[in-house]
Structures are given as C-alpha cells and as structure tokens.
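# Examining the three-dimensional arrangement
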Amino acid sequence: CGRGPGGCRGGRTDMALRCAASLAAGRQPRGPRREGAMRWSSAAKPSAVKINEKASREKILTLESMNPQVKAVEYAVRGPIVLKAGEIEKELRKGIKKPFTEVIKANIGDAHAMGQRPITFLRQVVALCTYPNLLDSPSFPEDAKKRARRILQGCGGNSLGSYTASQGINCIREDVASYIERRDGGVPADPDNIYLTTGASDGISAILKILISGGGKSRTGVMIPIPQYPLYSAAISELDAIQVNYYLDEENCWALNVNELRRALNEAKAYCNPKVLCIINPGNPTGQVQNRKCIEDVIHFAWEEKLFLLADEVYQDNVYSEGCQFHSFKKILYEMGPEYYNNVELASFHSTSKGYMGECGYRGGYMEVINLHPEIKGQLVKLLSVRLCPPVSGQAAMDIVVNPPVPGEESYAQFIKEKESVLNNLAKKAKLTEDMFNKIPGVHCNPLQGAMYAFPRIFIPSKAIEEAKVHKMAPDMFYCMKLLEETGICVVPGSGFGQREGTYHFRMTILPPVEKLKILLEKVKDFHIKFLEKYA
C-alpha cells in the first residue's frame, strides 16, 4: 500500500486535513463521491434527505409473514362495530349531523364508563396505598388505614410501586383464601393455591397456555359454551388449540345439558384430544345461573371423562332472579366427597371488574387452582414470572373485594348501602330490559338471571339476510351496523359469541342509568319495527 497522495494512508490523512480546514473556514467539506452512492450523515438537514419511495424495501412484518395464530384471533366485543362507533363519534365532534346526538356504547360491561359510582371504601384504601402520606389525614377512616398499612407492609419498600412476588402479595392471597372459605361455608382454601392475576382474563389465558399440547389428532381440544365470551375463542386461536363447541339450550333459559356435553366430546375425539371444559357461571353473554344439580352433573362428567375444569365465576355477585343462587364449583366439588374433591382438577376465576365493584381499569383478579400436580405448580409459577407480577394497584383493589368492611367497623354502613344500591339497581334494570324486549315484535329475551347483559334473539327477514350477503356481513352484524348508524346505539352481534345456525342475537349491557336505558330500549324498539317493515 503506497504512502503518497494516492495511497490509502496518505490519501486519508490529506483528506482529513482538507476537511478540517474547510470546517474551520465554515464551508462544507468536499470529498470524493461515487456516482449514485448516498451516505447517512447526522449533520445532514432532514429536508436535504430525499426518500425514494419506489426504492423502499419490503416490510419484514406483513399480513403474510405475521404469526397466523394472531391473525386468526377475533374479539367481537371490540370488533368492527366498535371501530365504526369510534368513527361516528369523531364525526359528531366535527359537527356532522346525525339522527342522534351521542353514541351509546352498550357493547361492553364497563360499569364506571356507564355512570356507576365507585365504591367509596375501595377507592379510599387504594388512595392510601398509592399516597401513604394520606395515612396521617383525619379524612380517612381507620378501617381503611388499617387495610392500607397491611397491604403496604407486604410491598417492597412499603410502596405500591415495587414489584411483588409473581403469585401476588402474600397477605392478599391469604385474604382471598379467607374469602373463599367464608363464601363456601367453611370449605378449606390454601393461599398457596391462589394466584393474583391481571383481571380474570390473564389467569384464564395462563391456564390454557399450560394445558395445550400435542399435534394432529392429539392436539388439545377445549370445550367452550356457545354462546361464549370471545376471550375463550381468541385464546384458543392464539394458542393454536382446537375449539370444541357445546350449545346451551336457549329454549330452556340457556341451560347446560350434560347430554350436549357428551355429544360434543364424542364428536371431538375424532379430530383432537379434548381435555379442558370451560364453564361460565353466571353466564356471559346469556345471563343464566346454574343450579346445584347442573353443577353436580358437570363435575361428574368432568371426573368421568378426565377433563380439567375451568370455572369462570366473575359474575358471582350478580344474581337477580328469585329462586336463583350462585354456587361455586369449588364448594359443590367438595360436598360431592373425597373421590371427586381429591381428583378433579379445577381452576376458578374472579375479578374486580364486575360484581358491584365495576373496577375494570384496575385489572385486578385471582384464580384458585386445586389438585394441580406439584411439578406443574412450579411450571405455572415460572410461566407467571415471565410477566413479573400483576398490577399492584389491582392487587390492592382485589383485596378490598375479598376483605370488605365488616359489621362493627366504621365504614360498614356506607359500604353495604353502596353495594346493595348497585346490585338492586342492576336487578331492576335486568327485569326492565327483559320486559321491554319481550314487548317488541320479532324479539325474544330469556330471563336475565344474572351477570350484566341481555342476549335477545331477533328475527331478521330473508330480504335483509340477502342484503347482508351483498355487503359480505353476517346478518346480525348487518342488523347491528344499521342500528348503530340510525340510532347511535352500539351493541355486539351474536355471531361474535357463537349461536346456533339460523338464529340471530345481539348482546347489550344493562349498565346504563335507568332513564337512559329506557330511552335506549325505546330506540331499539322503534328501529326494529322499521327494520321489519323495510325488509318485509
């Protein structure tokens, strides 16, 4: 390699000197430039860099290259109709005229968004945990301060901002176990079987993740009710498991029939390995509350067929109909005797989001898992540790759900008044919704025994079904989209939850205030009658 002006070392040295001189003189340095070459310079002005769009390379992540399991996921509760509702809201804000002045989002069970007031005691304890200086304030009751101090003592550095154990704060898990024992009339609960979760959804997804295995005909099959809450079908799609549908009996108030479970199981054995049975009680979207005999039959079926039971019990406080009562699967399992209680593997789920609390945004929840193999328990904790821990404020909120004020404490009277007010109001709205729907021609609504939704069956004329096909929509999606565009009411089509072939439904929450709910139901009535007239 030469050392003269044309050599690699000498040439570079001379060039560096010329560049330094140019910079000192305030001029941009000039150097050798190959035709067509472009070098990135951090000193270049943004406006000077022109991007040749035609030359831009292909994206690494496209619809074709993305995870196909994620692409297969559908979640109707926040699906296309909700996106359309968001567009309409933007148009209303811009002053674009519509036949209505607001969008009523009756698509989701978001209690506080619909005007339900928070439970004072729960918010007091979370506030104290969040800003401990308030512990010195006389504005907060001592029973709230006592709970806040206990929770903070379980946190690293006495701060809600620290990570917790992956399974959750130990004292809160102890409170959950005590709550379960009280609820179930003394049936023992072990804090070591309690896992605090990011809402119930996080627990359900984690359990499914650890359950699903195999390939081909040995791939895990997951039995879910139809209609179902779309979390289940979405999780099954994401995990590439096999969805096994069993149908609830609409003609019998959405009852669960063991003969239907057996039909679904036997048919599924031809193409997968069914080993998980999911139950939602009280039902979402259907609102039925299972009686004791039904639960016993389901447990016996799971024991007989060696199925892992998942009991989604987030609406356990939401029971309205006379003669209906919530029975936990854990309690009935225990009362069926040791042959069942010591063998049936069961995961039960609860949440801060529903009930009388309606604290969806805190994302608090828990699951209790019993009869898990000791080695699998370690694997489950390992899986949960990947997400470090559930939101700590959500853990604190969950603690107040399971450890509320008791008689003799200063906050008890106000707490019980607020709780009963919410639940009595929901019961009133459940009956109002059922009665008003059943007065509309071409609409039938089963009794709303529990939860917080109506799932009425709607008659859709054949002419409307044909027009839906032209728009490449399911008939009930077409109906719900028309309802949204003409009234501003956002509900979810039944096809997003599953339904028997040839039947059509929609899910609507009963959470709006009574007067707004009456207006909403009247609008649905007027729309439905006009819809029938138009497409008759």
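Residues numbered from 1 in each chain as written. Predicted model: local features only at pLDDT ≥ 70, side-chain atom pairs only at ≥ 80, totals over all residues. Heavy atoms only, no water.

- Named according to an unreviewed UniProt entry, the chain is alanine transaminase originating from Sinosuthora webbiana.
- The Subunit (unreviewed entry) field of the UniProt record for the chain holds the comment "Homodimer."
- In UniProt, the chain has this text filed under Cofactor (unreviewed entry): "pyridoxal 5'-phosphate". (UniProt positions renumbered as here; feature names shortened; annotations may be inferred.)

## Quick notes on the nonpolar core
- Formed by 123 residues in total, the largest nonpolar core has its most connected members in Ile207, Leu310 and Phe437.
- Both domains that furnish three or more residues to this core are identified here as domain 1 (68-115 + 414-535) and domain 2 (120-403).
- In this structure, Leu310 is in contact with Ile207, Leu208, Leu211, Val276, Leu277, Cys278, Ile279, Ala347 and Phe349, ignoring residues within four places of it in sequence.
- Grouped together as the second largest cluster of nonpolar side chains are 35 residues, Met223, Trp254, Ala264 and Ile370 included. (Core = buried A, V, L, I, M, F, W, Y, C linked by side-chain atoms within 4.5 Å. Buried < 20%, exposed > 50% of the residue type's maximum accessible area, 1.4 Å probe, protein only. Domains from an automatic or database assignment. Contact = heavy atoms within 4.5 Å.)

## Quick notes on the pairing of strand S4 (residues 242-247)
- As paired strands, strand S3 (residues 220-226) and S4 are joined by six bridges and run parallel to one another. Paired with Pro225 across the bridge in S4 is Tyr246.
- As a crossover connection, the stretch from S3 through helix H8 (residues 231-238) into S4 is right-handed. (Pairing = 2+ DSSP bridges. Helix = DSSP H or I, 4+ residues; strand = E, 2+ residues; numbered from the N terminus. Right-handed = clockwise from strand over helix to strand, strands pointing away.)

## Concerning unusual backbone geometry
- Along the chain, Asn281 connects to Pro282 via a cis peptide bond; the corresponding omega equals -10 degrees.
- In this structure, Pro282 sits in the loop between strand S5 (273-280) and helix H10 (292-305).
- A cis amide bond, omega 20 degrees, links Asn284 with the succeeding residue Pro285.
- Turning to its location among the elements, Pro285 is positioned in the loop between S5 and H10.
- With a phi close to 55 degrees, Asn158 is a non-glycine residue in the positive phi region.
- Within the secondary structure, Asn158 is located in the loop between helix H5 (142-153) and helix H6 (170-183).
- Phi angles above zero are rare outside glycine, and Asn371 is one such case at about 65 degrees.
- Tracing the backbone shows Asn371 in the loop between strand S8 (364-370) and helix H13 (374-385).

## Side note on the sheet that holds S5
- Read from one edge of the open sheet, seven strands run S2-S8-S7-S6-S5-S3-S4, paired in mixed fashion. The open sheet has two edge strands with one neighbour each: strand S2 (194-198) and S4. Pairwise comparison of adjacent strand axes, ignoring direction, gives a mean angle of 25 degrees for this sheet.
- Sheet topology note: the S5/strand S6 (residues 308-312) ladder contains five bridges and is parallel. Within the sheet, the bridge partner assigned to Val276 lies in S6 and is Phe308.
- Seen against the sheet, H6 touches S2, strand S7 (346-351) and S8 and runs at an angle of roughly 110 degrees to S2.
- Strand contacts of helix H14 (residues 392-402): S2, S7 and S8, with the helix running at about 70 degrees to S8, the strand carrying the most contacts. (Axes fitted to C-alpha atoms, helices over the stretch in contact; angles between N-to-C directions.)

## Regarding the side chain of Arg147
- Looking at the element boundaries, Arg147 is found in helix H5.
- A polar contact is formed between the side chain of Arg147 and the backbone oxygen of Asp143, at a distance of 3.1 Å.
- Discounting residues that sit within four places of it in the chain, Arg147 has contacts with Phe121, Val125, Ile400, Asn403, Pro404, Pro405, Val406 and Glu409. (Polar contact = N/O pair within 3.5 Å; in protein donor to acceptor, adjacent residues only side chain to side chain.)

## A word on the pattern of salt bridges
- For the structure on display, the rule yields 27 salt bridges.
- Among the salt bridges present, the one from Glu305 reaches Arg262, with a minimum N-O distance of 3.2 Å. Here Glu305, found in helix H10, pairs with Arg262, found in helix H9 (residues 258-268); they are 43 residues apart in sequence, far enough to count as distant.
- Judged by its relative accessible area of 28%, Arg262 falls in the partly exposed class.
- A network of salt bridges, in which partner residues are shared, links Arg262, Lys269, Glu304 and Glu305. (Salt bridge = Lys/Arg side-chain N within 4 Å of Asp/Glu carboxyl O.)

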